[in-house]
Every structure is written in structure tokens, then in C-alpha cells.
There are 2 protein chains.
Amino acid sequence: MPVQAGSVSRRAMLSGVATLVAAPGILRAGAAEGRADPLPSWNEGGPKQAILDFVGRVTTSGGHDFVPPPERVAVFDNDGTLWAEQPVYFQVAFALDRVKALAPAHPEWKDTQPFKGVIENDPKAVAAAGEKGLLQIVAATHAGMTTAEFDAVVKEWLRTARHPRFGRPYDSLVYQPMLELLGFLRASGFKTFIVSGGGVEFMRTFAERTYGIPPEQVVGSSGVTKFEIRPDGQPVLVKEAKVEFVDDGAGKPSGINRFIGRRPILAFGNSDGDQQMLEWTAAGAGPRFLGLVHHTDGEREYAYDRQSHVGQLDKALDEAAERGWVVVDVARDWKSVFSAEPRTNR
Amino acid sequence: MPVQAGSVSRRAMLSGVATLVAAPGILRAGAAEGRADPLPSWNEGGPKQAILDFVGRVTTSGGHDFVPPPERVAVFDNDGTLWAEQPVYFQVAFALDRVKALAPAHPEWKDTQPFKGVIENDPKAVAAAGEKGLLQIVAATHAGMTTAEFDAVVKEWLRTARHPRFGRPYDSLVYQPMLELLGFLRASGFKTFIVSGGGVEFMRTFAERTYGIPPEQVVGSSGVTKFEIRPDGQPVLVKEAKVEFVDDGAGKPSGINRFIGRRPILAFGNSDGDQQMLEWTAAGAGPRFLGLVHHTDGEREYAYDRQSHVGQLDKALDEAAERGWVVVDVARDWKSVFSAEPRTNR
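Calculation rules
Residues numbered from 1 in each chain as written. Chains lettered and ligands numbered in written order. Predicted model: local features only at pLDDT ≥ 70, side-chain atom pairs only at ≥ 80, totals over all residues. Heavy atoms only, no water. Least-squares fit on C-alpha atoms with pLDDT ≥ 70 in both. Contact = heavy atoms within 4.5 Å. pLDDT = per-residue confidence, 0-100. Pairing = 2+ DSSP bridges. Helix = DSSP H or I, 4+ residues; strand = E, 2+ residues; numbered from the N terminus. Axes fitted to C-alpha atoms, helices over the stretch in contact; angles between N-to-C directions. Salt bridge = Lys/Arg side-chain N within 4 Å of Asp/Glu carboxyl O. Buried < 20%, exposed > 50% of the residue type's maximum accessible area, 1.4 Å probe, protein only. 1 Å grid on protein atoms, 1.4 Å probe; cavity = no way out; pocket = protein on both sides within 12 Å on 5 of 7 lines; lining within 4 Å. Points joined across faces, edges and corners; volume = space filled by probe spheres on them. Patch = residues over 30% accessible without salt bridge, like charges linked within 9 Å, V, L, I, M, F, W, Y side chains within 5 Å. Areas by Shrake-Rupley, 256 points an atom, 1.4 Å probe, with all protein chains shown as cover. Phe/Tyr/Trp six-rings, centres within 6.5 Å; stacked < 30°, edge-to-face > 60°. Lys NZ or Arg CZ within 6 Å of the ring centre and 35° of its normal. Expected span 1.5 Å × (residues − 1). Arc of directions from axis to C-beta.

Focus: the relation of the copies chain B and chain A
Both copies of the chain are tied together by a single rotation about an axis and a shift running along it.
Right, on to step 1. With an axial shift of 0.0 Å and an RMSD of 0.0 Å, the rotation relating chain B to chain A amounts to 180°. Each copy turns onto its partner about a two-fold axis. Measuring from the rotation axis to each C-alpha of chain B, the shortest distance belongs to Phe 259 of chain B, at 3.3 Å.
Right, on to step 2. The overlap is high: 100% of the interface residues of chain B also sit at the interface in chain A, so the same surface is used on both sides.

Structure follows, in C-alpha cells:
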């Protein structure tokens, strides 16, 4: 049974300030030299202390829980964990906007579901088209073009589209406390990865500039690409309308195995789609940190969990309680939610 | 048309010592401070000079060809490029040895091809079983176990098996000049990746200790894995007898796109299976290095190219000549071939 960060968290809360003063390694050094708080947007309390304690333990040379830097692998879900996911996954918002943008070139869509429903802003008609309809939308908006063309289309959408409630670019709706956590982990010798159900090419258009996560550390769902030499001699990869891999639920441990090839020691998610990733991470020997973001703040963001159609958090919340995983209560634990300024450099 | 290292190579050969003295960046600094040759197992000449020149150009701050470190992605084929591949791919040697090791538990194999042929050392019978037979061997030796079990089996094989000609562990038959090149590139801010047709889990058992390439920078072929919770509550990934992705030929650009998500600036291969990887690498803007190892040394290693059944180098050799890619002639360009001592720490 690996040491669970949750139990550490409870201990840390009990011992309070004493724990902070006695925190080993990087944290003690930081305190002694008056270094700034690495997590200023986190309120003091269990989750913040559990993070500081865990990172302190695994980075303390000679300590019982020391983990060599190459094994400091941290994985993060994206939708609902690093950026928002309501009222619909942002990649779905992209696909719907894209159908509308392409509609003039496809007059037949006016009379064909699910496209008709998208163009007429009729979510019921779109939902009625089911999974087959969704795949048609994905095929029409994500396939039949080169990877370079897709990259340009997504970047243009991120530049121009605005979130319906916040009026900000989608890639500015990233969680400031999680940005601080990513930076703190990297400063502590961790390699940070995204492991998300989102499309890998979609996420890579902004992951590096937004999260500081380079493309080779983004794991996601993918479609088949086909290598072709164009008549002008230029090689291209064409995106096909064929799903290759779905990096969600039980697919996440497979994705971690195939792309990363090493079991993470820290995993953060926010939904039942992350449950198996946390289980897989927890099952390794040695210290482990398992975290869930619980969206409890309808004022600053959204409040949803067990009944939500997007980012449902139900079974994983029960397992977190049973196993002592760290549950971040957004309303309680986060001083700020979104980064004050859009992070996007355009 | 990107600048091709081949043309640089020819220029470098013409200008000789003058080029070395005038080499920019890290190399000039190295020479001035009397640093050791980063490539001591390479004979002086075109390929060595082309490498030194390319690395010097892309690492010279403010220079026309400067490439920021995050974009310094270098990809290497494995079989025949980083370690040997004759008389059969080492992973095939593993599979055949494994059939023999498992044979006592499978008495039916004595009368069933392709297993009968393997047990009786009858390569013609194995070959006659064709692709279907090979898939049966792969299924019997690579599937039906957990990823952890497979890892242990391969490591035990590497520890005990010996190459039929050299009598050394397979993972000691790595090319010393390429180890030096990998180290030199990393010291120059490159991230080094394997992009190979070999199985990704097979290669990861030795890539880190042998090449210094961590598991998350190994791209290869893969089978489907399935997440399961065992009755004792332990989650496992079970390897299934289903091919997921073949990272060879035109699959290599797709593999690079999916796993790395950024176009390399340096690619090294040795066979027609690497041709599309080199084409894809070459097609980016800015400086590029494209290299092929040409196995010309039957005394120290093996001599093979256009007619070989393993590691055939035919079309890619023609394209290299047309486009000025760097062709390493093992007999001429490598002072030593294999590392003097087995690299494996056991």
C-alpha cells in the first residue's frame, strides 16, 4: 500500500505551523532564505499543505521518500483540471463554431442533421443525432486537412472566439492555482504532462505557451494521420476521419503506458474520466499524490459534480473519500480561480 | 528548400581545418578551452564535420541558423542505427528464444507451425508461415501478460541471451559513435528521441540505461493494452494480441506527429523504413540534418544494403545521393563500431 498524500494532508492540518517550519528539503530552504510562497493563489489548508509536504518529501536528498528526478512524473487532466470545461468542452465549442464557419461552403448542411441543429443553435437536435452525429461533426471539422492546416485553424479560433459567459478567449480561462502548481513542480525537478481525453493536436496549439508544457508532453485522444507527398514534392500528414485512440477513462493508463512509459507519482484530475489514471498512479510503490479538483464555486466559476453531463465527478469522488485522495474544493481552497490576465500572447 | 547538411558537409570537407577553427558557438568555445573532441570514435571527414558544423550553427546565439532549445528535437531509428540488427532484428531473436523457453508448457507446438519450425531451428518453415505465422509468434511471446511481466521477461532475456556471432549481450551491441553523438546532442541542448519500428515496451527496457533516452522519449510500434483491476484490487495493464500502431515507413511521420508533436531538425536512420522520417524532417523550414548509417563493414560488423532482407537500404540511399543527405560509411567513418565494454549494468 503506497503512502497516500491524503493521510499526510490530514497530519499536516493537525500539526499546523509546526509542519511548515519542519518541512524538509526545498521548502525548509525556501523558508530559511525567505523565498516567496510557490502557491500564492492557494488558500492555506489541507490541499496546499499536502502538495508542499509531498513535494518536500520526494525532493529531500537522502530522505526515505526521495524520488530521483527522472521518476518525478506528474500527469494532469486538462478539461476541468487545467482550464474550464463548461458549459461544453472547449473543443466541442470549437467544433460547433467551425461547423458554422464552414456552413456557407456546405449548403446541404441546412437540411442535414446534425449540422442543421448546429447552424440553428438547436442543441436538442444535435443531441438527438447521438454519437454518430458527433462523429460526423468531428469528421467535418477535424479531418480532411493537413496537420499544419488544422493547427492554423485552431489558433485562429483561439484568437477570435470568446467564451459565452466570461467573454474572454478560451485559452485565458486557465486556473491560476494550477499554473502555479505546474511551475512549482517543474522548479522541483518534475516533468509535467497533460493526459487528457481532448484531442492531442488541439491541445498542443496552446499547451506550451499557456501551461509551459511542450508538445511532446501532451498525451491525448487522436485520429489517424496519413503521410502523403503532394504533387509539389512537399510531404504532408493528412488528418483522416478515423479515431485512433481515446485517451479517457480506462484509456488513460494505456495512454500513460504508451506515451510516457513510466508510472507517474502525482496525478490530478477532476472527473470520473480520471479515476483509472489516479488508480494506476496510486498503485506504484513509494510516495504518491492523487488529487481531484471539485468544482464548488458557481460564483467565480461553475458548481457541478455527480449529476453533470460535462465533467461528471461521482465514482471518483467516492473513491477519493475512501482512499484519502486530496480533494480540492475550489470555493474553499483557491484564492483566485482564473489567471488575472489572459495568458495568451498574440 | 531547407539548407541541407549534405551541402555543408561538402563545403566543410573542402575547407578542411579552416572550417574547424572558424566553427561557431560551442565548438569554437570548446577548441579555445581545449575541450575534448565530443566525437572521438568518428574519423575526421565529411560526416563528422557535417555534424559538428550543424550543431555549431543551430546553437550559435544570434546566428542566422540558431534554433531555440525547445525546438532542438533529434530523432533516431534504433535497429541498425543505434544498435545492430543482424542476423535478425534483436526483438525477433527475443521472440524466437521466448518460443523455445515456453515450449515445454505448450506441447502442442511440437506439431504446429510456425512454432514447430522455431523449436527445430528451421527458418524456412518459419518463413513459410508468413505474416500470419509471425503474428502468432508475436501474440504468443508479447501478449497475454501484464506490462510489468513483459518488462521482467525482456530484462531477463537481455541478461542471459548472447548474440550468435559476437557472444555478447544484445544490448551491448550498440554503436559507440552513435552513443557519442547522442551525448553530444544532449550536451548541446537537444532532446533525443528514438523513433523505431521496434516495440515501444521492448525498447524501453534498456533505452534509458543504454542510450540515456528516458521512456517518454521512445516512440515505437505498440499493441493494445487493457486496464484491469485484479481480484486483489491491484490495477494492471494486460497486453493484448492486437496491433495498435506500426511505427515504420510512412508510419514514422505519423508517430512523430502523435508522440512528439514537433518536427525534428535532425533525423538519423539506416534503412528504407526511415526514408519518410527523413523526408518529413527535411521538409521543415530552417537548418536540417539528415543522416543515414550505411553498413559497409563486414569485418567489424556487417555489410549490407540494397539486397538485405533485414534493414534494406535502397530507395533511401538513392534519395540521400539526390538530396545531399549525410551517408555514414561505417568502414570509413567509424574508428570503432561497438562500445568496448558492454554498457549494461546488471
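Past the structure itself, the notes keep going.
As for the confidence of the model for chain A
Right, on to step 1. With 88% of its residues at a pLDDT of 70 or more, chain A has an overall mean of 89.
Right, on to step 2. Overall, residues 1–32 of chain A carries pLDDT values under 50, and its contacts beyond four positions in sequence, including any with other chains, amount to 51 contacts.

Side note on the sheet that holds strand E6 (residues 289–294) of chain A
What holds strands together in a sheet is hydrogen bonding between their backbones, with the strands either parallel or antiparallel.
Right, on to step 1. Strand order in this open sheet of 7 strands is E4-E3-E2-E1-E5-E6-E7 (chain A), and the pairing throughout is mixed. The sheet is open, and its two edges are formed by strand E4 (235–245) and strand E7 (326–329) of chain A, each paired on a single side. Strand-to-strand, the axes of this sheet are offset by a mean angle of 30°, without reference to chain direction.
Right, on to step 2. The pairing of strand E1 (residues 73–76) of chain A with strand E5 (residues 266–269) of chain A spans 3 bridges and is classified as parallel. Bridge pairing in E5 of chain A links Ala 74 of chain A to Leu 266 of chain A.
Right, on to step 3. Against the sheet, helix H13 (residues 251–260) of chain B engages strand E3 (218–229) and E4 of chain A, with an angle of about 150° to E3 of chain A.

A few points about the pattern of salt bridges
Pairing is possible between side chains that carry opposite charge, provided their charged atoms lie close to one another.
Right, on to step 1. Under the definition given, this model contains 42 salt bridges over all chains.
Right, on to step 2. Salt-bridge contacts for Asp 314 of chain A lead to Arg 306 of chain A; the nearest nitrogen and oxygen are separated by 2.8 Å.
Right, on to step 3. Since its relative accessible area comes to 29%, Arg 306 of chain A is described here as partly exposed.
Right, on to step 4. By sharing partners, the salt bridges in this structure join Lys 191 and Arg 262 of chain A together with Glu 208 and Glu 216 of chain B into a single network.

A look at the side chain of Asp 65 of chain A
Residue and element names in this part refer to chain A.
Right, on to step 1. The residue Asp 65 is located in the loop between helix H4 (46–59) and E1 in this model.
Right, on to step 2. The class of Asp 65 is buried, set by a relative accessible area of 13%.
Right, on to step 3. When near neighbours in sequence (up to four residues on either side) are disregarded, Asp 65 contacts Arg 57, Val 58 and Pro 287.

Re empty space enclosed by the protein
Right, on to step 1. One pass over the full model with this rule turns up 3 cavities of 30 Å³ or more.
Right, on to step 2. Here the largest cavity defines a volume of roughly 70 Å³.
Right, on to step 3. In terms of lining, the largest cavity is formed by Ser 254, Asn 257 and Arg 258 of chain A together with Val 200, Glu 201, Ser 222, Gly 223, Val 224, Thr 225, Lys 239 and Glu 244 of chain B.
Right, on to step 4. For the lining of the largest cavity, the secondary-structure elements that each account for two or more residues are helix H13 (251–260) of chain A together with helix H11 (200–204), strand E3 (218–229) and strand E4 (235–245) of chain B.

Brief notes about a nonpolar patch on the surface
Right, on to step 1. A surface patch of nonpolar side chains, amounting to about 260 Å² of accessible area, comprises Leu 135, Val 243 and Val 246 of chain A.
Right, on to step 2. Relative to the assigned elements, Leu 135 of chain A resides in helix H8 (residues 130–142).

Some thoughts on the packing of aromatic side chains
Right, on to step 1. Evaluated as defined, the whole model comprises 41 aromatic pairs over all chains.
Right, on to step 2. We note Arg 258 of chain A situated over the ring of Phe 245 of chain A; from NZ or CZ to the ring centre the distance is 4.9 Å.

As for the sheet that holds strand E2 (residues 191–199) of chain B
Residue and element names in this part refer to chain B.
Right, on to step 1. Ordered in space as E4-E3-E2-E1-E5-E6-E7, the 7 strands form an open sheet in which the pairing is mixed. If you trace the sheet from one side to the other, it starts and ends with E4 and strand E7 (326–329), each paired once. Neighbour-to-neighbour, the strand axes of the sheet open up by a mean angle of 30°, direction not taken into account.
Right, on to step 2. When strand E5 (residues 266–269) meets strand E6 (residues 289–294), the two strands line up parallel, connected through 4 bridges. Its bridge partner lying in E6, Gly 269 is registered against Leu 292.
Right, on to step 3. Relative to E2, H13 is tilted by about 130°, and along the sheet it contacts strand E1 (73–76), E2, E3 and E4.
Right, on to step 4. Here helix H14 (residues 275–282) sits on the sheet in contact with E1, E2, E5 and E6, set at roughly 165° to E5.

Considering helix H9 (residues 147–160) of chain B
Along an α-helix, residues three or four apart share an orientation, since each turn contains 3.6 residues.
Residues and elements named next belong to chain B.
Right, on to step 1. Taking 1.5 Å of rise per residue, 14 residues should cover 20 Å, and H9 covers 20 Å from first to last C-alpha, within 8% of that figure.
Right, on to step 2. Within H9, the full set of buried residues consists of Thr 147, Phe 150, Val 153, Val 154, Trp 157 and Leu 158. For H9, the buried positions fall inside an angular range of 135° around the axis, keeping them on one side.

Re the pairing of E3 of chain A
Residues and elements named next belong to chain A.
Right, on to step 1. Looking at chain direction, strand E2 (residues 191–199) and E3 are connected through 3 bridges and run parallel. Bridge pairing links Ile 194 to Val 218 in E3.
Right, on to step 2. In this sheet, E4 lies alongside E3 in antiparallel orientation, the contact comprising 7 bridges. Looking at E4, one finds that Phe 227 is bridged to Leu 237.
Right, on to step 3. Hairpin remark: E3 followed by E4, antiparallel, with 5 residues in the connecting loop; positive phi at Gly 233, about 90°.

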